[in-house]
Each structure stands twice: as structure tokens, then as C-alpha cells.
Amino acid sequence: MKLQRIDDTRWRIPREGKMRVEGIVYASDAMMEALRNDPALQQVANVAHLPGILRASLAMPDIHWGYGFPIGGVAATDADEGVISPGGVGYDINCGVRLLRTDLRRGDFDRRALREVVEQLYRSIPTGVGGGRRDLRLSGDDLDGVLRDGAAWAVDRGLGFKRDLQALEEGGSLPQAEASQVSPRARERGGSQLGTLGSGNHFAEVQRVAEIYDERVARAFGLVRGQVTVMIHSGSRGLGHQVCTDHLKGMLAAAERHGIELPDRQLACAPLASPEGKCYLAAMAAAANFAFANRQVMTHFVRESFAKATGTPVERLGIEVVYDVCHNIAKMETFEVDGRRQRACVHRKGATRAYPPGHAEVPHAYREVGQPVLIPGDMGRYSYVLAGTQKAYEETFGSSCHGAGRLLSRGEAKRRARGRRVVEELAEKGIVVMAAGMATVAEEMPEAYKDVADVVDVVTRAGIATKVARLEPLGVIKG
Amino acid sequence: MSWAVVEHTADVGIEVRAATLEALFVDAAAGFCDVITEVARIGAGEERAFEVEAAGLDLLLVAWLEELLFRFETTGVLYPRGEASVEGSGESWSLRARMRGERFDAASHPLKVQVKAVTYYGLEVACDEHGWRARIIFDI
């Protein structure tokens, strides 16, 4: 793979063969050294083949080997002449992260009180294999409402507050959603999974604000040192996975019909203006709304759990949504490209929107400081809150990184964890872990991930986000 | 055992080898179940007939595993054993199978990972002098 250094944090994959644009990868020298022979770079070049791709096929510093797109990939395509690719979103449509702040302080919890909270969360939020809570069974009409209205559906049913919606990307509902584009199989597979976490790298984590880097921005986000926060990482569950599965099939045929040549079938795509493109966008938006509703329902479960475990009424806990970001999504957004307004479909596959101060899409309360960008790390170290920048808006279609990125394959992580007691090791560090499957804990152990601080260092040096706060785990529930 | 787990940084795959095409599809089912839990612990009390069609032999393998995943997520049953027949040519392939399995129970089936989807990435179904082989990567 040919690579040219652009500057301290950026590398160019020059345009070659049928690539329509160049590739640009954000990475430090050490990261690039490790990446040189990784299939992920070839995937950046492959994405550059998509018809209508604008400016460059981009990759964030948490880039790693995916299928089709690399994880950490960003591609914007022209709204009129470009394509939409389900592979640029992934199977877990609108997998994302939500951060909640509380009026509680780390000092309010001794070890026992902390364990009680984590146990209550584990009881309240279904994890692992299987459906959701019995008290949340959806009728067909209910599911239509979820697919149409997203997080607002949950709030209308008393699962949260109206003000929660103001702090969600897109207000927690994509307007292009059409419930009728979601197949009966997708409904059957995922309909019972609303309000469930799933497994793999999904989690709900109780944290403390360990460090503030920018007082002014942190104040706007309602974050102070020592405060207890809760982070939720989950997506659209089986419903979204099936929506992607269903539409990929049609896309394989559509790509051929439209004469689109691609180096990898997983990049199958269709013109945004084609019937297949429109149907996928409508179905994807509906699945994205399911994910917004899913994180909203779990927010309600978090409030309920803290109230039960601490014996304090919800209204006195001050559990408020800081923000909710999508990191597997394709959205129609508007940018200035080469001095003119450009409507584009921005695919973020393991990347986070990072809009600048002053942007109309940034919630009013954060308008002066920029959009919160939520970057989960691993369960033993830390996560970050960043803020979006003008440079990200101009350089990366308003995008930044989404997490640490895996370092070890799951098999290798399990081999290294053999004979160790990862849960006890974390307990010694004061972190309570509860999981449905112990294999998950081994696969998700801290060493399986790159140090998210390195990823955050690159995006802040590149100017595509600024550091606001570091959050450290106190308790984690996993699938 | 005629399948092996393939390492992929974020996801996981299987490589399957079998003497016949029919055995390839049945063994792929066993490999799929083995990604989710320990296949040896899955009983055979539940039986089900399957029919799957696709526009290519490799696409038939994806469709087959997607069907097994769908059944697992909607009924909880994993089907690692059985008999299959595969017919077709060119752009028209079909599989009929009668499979046996058991409902997943977290107490007796340790969960390894939950599969989200069957991908087309690096997908291979081929025949050589040693028989049939297939490679498939799951999104987890």
C-alpha cells in the first residue's frame, strides 16, 4: 500500500486504478507503523471506489479491519450523483453512545453502595441472548411508532422526559424513516429487543469524571470533576441487523444493474436517487429510530435503577442526558465543499459526528461550545468527552473518532485471559463488572483494546475535536 | 471436526472443509453454532426443516447461515446437526435441510459471542482436489 505523509497526523493513500478520490488516514507514526500491513488500509482505498464520493475516503485513528468499510471510516457521497452503501453503516445501524450526568458524586458511594447500583442495573437492563423485559412488550402499532418516532416514542410513554430529546443527535429521530420498509423478518427478529443492551462490545457503565480539560465547555455540558456519569453503548439490536441483511441482498443486484464496479461485495451500493437507495435510506432511518428509542428506554431503566439502589426519588438524582451520538450511520447533511453548499450522504462507520460551535444542529445549550463527542474506551481505563470543531466540519464532513479500536482479535484476547480472573482484577482496581457471559469479559478485557488516549491525542492534535473531560469506570454491565 | 475459527480483529469467521457440498453446508451450520456456544453441548431434541434459495452457491451459504441466525434469534434454537441437499447451477441454487438442535440455555450453553450478521466479506465457496471448502466472516 502506497502511503504519503501529509503532516503530523495525516497520511494520504494516493488515487490509483479506479479509485475516484484519494484516501486520508488520521494516525500517529506509531499507529501507522502498526497499520502498514493491515487490510484496513486497503479497505480505505476500496471505499474510494464508491460513485459520487466527495473529496476523500477518510479514516479516523481508531481505524481497524472491518468488512467492506474499515471501522473508523467516513465517506460522504454527493446527494444527486452519489450512492448509499449499507456496508458504510454496518449491520448494527445507529450503534451509538449516550452519556448521562447525575447530581451524585463519587464520594456518595462506598464499595457496597456501588455494587448495589451495578446489580440493580444488571437486573433492570436485559443483556446477552434473548428478548426484553416482560413489562415492555410491543404491539405491531407500537413498533410502527418506535420506527417512526424514535426516542420520542419512548418519552411519550413516560420512559423519559421531553427535555431528553433536545440532547440527542437529530433529536433522536431521523425524518426519512418509513416503517413500511422494515420487513416482517426484521420486526420478528428485533421487535422484542427494545430496551436491551445486547452483547459483544456493548455496555452500560457507571463512571466518575476524573479530569476536566476545558472548564468552560465542561460547564456547558454540565460536567464537573468527581461527578458520577453513566454511559450506554448499544444499537438497533436484531431489528437493525436484519434491516441491513435484507437490503444488502437487493443492493448486490442493484449495484450490478447500475453498472457499479466494486472491489468488495460488502461495499454493495445503489444511487441515492434509485428506488433501492431510497428504500434502504428509509429502512435504515427506521432502524436508527429503533436504536434511539432503545437507548432512551435504557436511560429510563438507569434512572429507575439508581432510584431503587439509592432509595432516592428520580427527580432528586439529576440524571440528565448530556448527549447521544450515532457512530454507525448514513445521514443527509449539508456542508461547504470548495466554497459551495453541498448536500451529501455522510457514511460514518465507526465514526462520530463532531459539529462545531455555532452550528444549528448543535443543541441550544451547547451552541457556543460545539457538539459533545462521546468516545468510549475500555472497561479498565477511561472514556473521553470531546467537542466538535470548525476544522472537523471543513476537513472530515464534521466527523471524528468513535472509540479505542480493537488491538487483539477475540480469540487472542481469550488466549491471553486464560488462567486469569479478569473480573477480580478489575475489582481490585475498584471496578465492579457484571456480565451475562464470562467469555465476553475476557474478549473485552482492557488489553484487547488500544489505549483510547492515543486515539484522542491524534484527533485533538489534528484539530478535529477538542478534549473536554476524562471519565473513569466504576462499574460495568455487559452482555 | 471440519471447521475452524478464523481470526479477524473485530469479528470472527469460520473455515469449513468437507468431502461433499451437502456436508459443507451441514458443517457450516455446526461451525456457526460453535461460534455462539460450545457445539458439543447442544442437544438434538428439536427438529426443523429448512428451505433456502439464492442466486449463487456462495450466496446460498450466506442465506443458509442467515436463516439459522434468524431462527436462533426468534426461537432460541441452535441447529448444528442434520442432513442437507443442495441443487442448482449458475444463478439459481437451493438447499433443503432437516436439522436437529436444542434451545439455547445460558445455564448449560456458555455464550461465546452473539452473531449480528453473516457478511459477504472474504466469502469463499470452492472445490479442489481435497473436496469442498468455505470461508465466511460473521459480524459480532
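Residues numbered from 1 in each chain as written. Chains lettered and ligands numbered in written order. Predicted model: local features only at pLDDT ≥ 70, side-chain atom pairs only at ≥ 80, totals over all residues.

1. Structural notes on the overall build of chain A
- A count of helical and extended segments in chain A gives 15 helices and 19 strands.
- Against the globule reference of 23 Å for 479 residues, chain A gives a C-alpha radius of gyration of 21 Å, in line with a compact fold.
- With the C-alpha coordinates aligned to their principal axes, the bounding extent of chain A is approximately 60 × 50 × 50 Å.
- In chain A, which comprises 479 residues, the share counted as buried stands at 63%.
- Sequence separation of at least 24 residues holds for 77% of the intrachain contacts in chain A that already meet a minimum separation of 6. (Helix = DSSP H or I, 4+ residues; strand = E, 2+ residues; numbered from the N terminus. Rg over C-alpha atoms; globule rule 2.2 N^0.38 Å. Buried ≥ 20, exposed ≤ 12 C-beta atoms within 10 Å, placed from the backbone. Contact = placed C-beta atoms within 7 Å.)

2. A closer look at the interface of chain A and chain B
- Contact residues are listed per partner, giving 32 residues for chain A and 26 residues for chain B.
- Going through the elements one at a time, helix 7 (184-190), helix 9 (237-257) and helix 12 (410-417) of chain A are the ones with two or more residues in the side of chain A that touches chain B.
- With 4 residues, the top contributor of residues to the side of chain A that touches chain B is helix 9 of chain A.
- The residue inventory of the side of chain A that touches chain B, partitioned by class, reads 8 nonpolar, 15 polar and 9 charged. (Nonpolar A, V, L, I, M, F, W, Y, C, P; charged D, E, K, R; others polar.)

3. Re the packing of helix 4 (residues 140-149) of chain A against helix 10 (residues 275-310) of chain A
All names here are of chain A.
- Running from N to C, helix 4 and helix 10 cross one another at 100°; their axes reach a closest spacing of 6 Å. Taken together, the axis directions place helix 4 and helix 10 in an arrangement best described as roughly perpendicular. Only Ala286, Asn289, Phe290 and Ala293 of helix 10 make contact with helix 4, whose side of the interface consists of Val146, Leu147, Arg148 and Asp149. (Axes fitted to C-alpha atoms, helices over the stretch in contact; angles between N-to-C directions. Parallel < 35°, antiparallel > 145°, perpendicular 65-115°, else oblique.)

4. Section: the sheet that holds strand 4 (residues 77-89) of chain B
Residue and element names in this part refer to chain B.
- Strand order in the open sheet formed by 3 strands is 3-5-4, with antiparallel pairing between adjacent strands. Each of the sheet's edge strands pairs with one partner strand only, and the pair in question is strand 3 (46-54) and strand 4. Adjacent strand axes in the sheet meet at a mean angle of 20° when their direction is disregarded.
- Bridging between strand 4 and strand 5 (residues 92-103) involves 11 bridges; their strand directions are antiparallel. Across the sheet, residue Ser85 finds its bridge partner in strand 5, namely Arg96.
- Sheet strands touched by helix 1 (residues 21-36): strand 4 and strand 5. Its angle to strand 4, the strand with the most contacts, is close to 150°.
- Along the sheet, helix 2 (residues 57-75) makes contact with strand 3, strand 4 and strand 5, crossing strand 3 at roughly 140°. (Pairing = 2+ DSSP bridges.)

5. A word on the nonpolar core
- Formed by 226 residues in total, the largest nonpolar core has its most connected members in Met284 and Ala287 of chain A together with Phe25 and Ala28 of chain B.
- Looking at which element gives the most residues to this core, the answer is helix 10 of chain A, with 18 residues.
- Setting aside chain neighbours within four positions, we find Ala28 of chain B in contact with Ile14, Val16, Leu61, Trp64, Leu65 and Ala134 of chain B. (Core = buried A, V, L, I, M, F, W, Y, C linked by C-beta atoms within 7 Å.)

6. Digging into the environment of Gly45 of chain B
All names here are of chain B.
- Summarising the element assignment, Gly45 is placed in the loop between helix 1 and strand 3.
- We classify Gly45 as exposed; it has 10 C-beta atoms within 10 Å.
- Remark: the alpha-carbon pair of Gly45 and Ala23, spanning 22 residues in sequence, is separated by 21 Å.

7. A few points about the confidence of the model for chain B
- Per-chain confidence: chain B averages 93 in pLDDT, with 99% of residues scoring 70 or above.
- Taken element by element, chain B is modelled with least confidence in strand 1 (residues 3-7) of chain B, mean pLDDT 83, and with most confidence in strand 5 of chain B, mean pLDDT 98. (pLDDT = per-residue confidence, 0-100.)

8. Here we look at unusual backbone geometry
All names here are of chain A.
- Despite not being glycine, Asn94 has its phi angle at roughly 55°, a positive value.
- Along the chain, Asn94 turns up in the loop between strand 6 (83-84) and strand 7 (96-105).
- Take Asn94: there are 31 C-beta atoms within 10 Å of it, and that puts it in the buried class.

9. Structural notes on the pairing of strand 11 (residues 320-326) of chain A
Residue and element names in this part refer to chain A.
- Where burial is concerned, most of strand 11 is hidden: 6 out of the 7 residues are buried.
- Here strand 7 runs beside strand 11; their pairing, made up of 6 bridges, is antiparallel. In the sheet register, Leu99 faces strand 11, and the bridge partner there is Tyr323.

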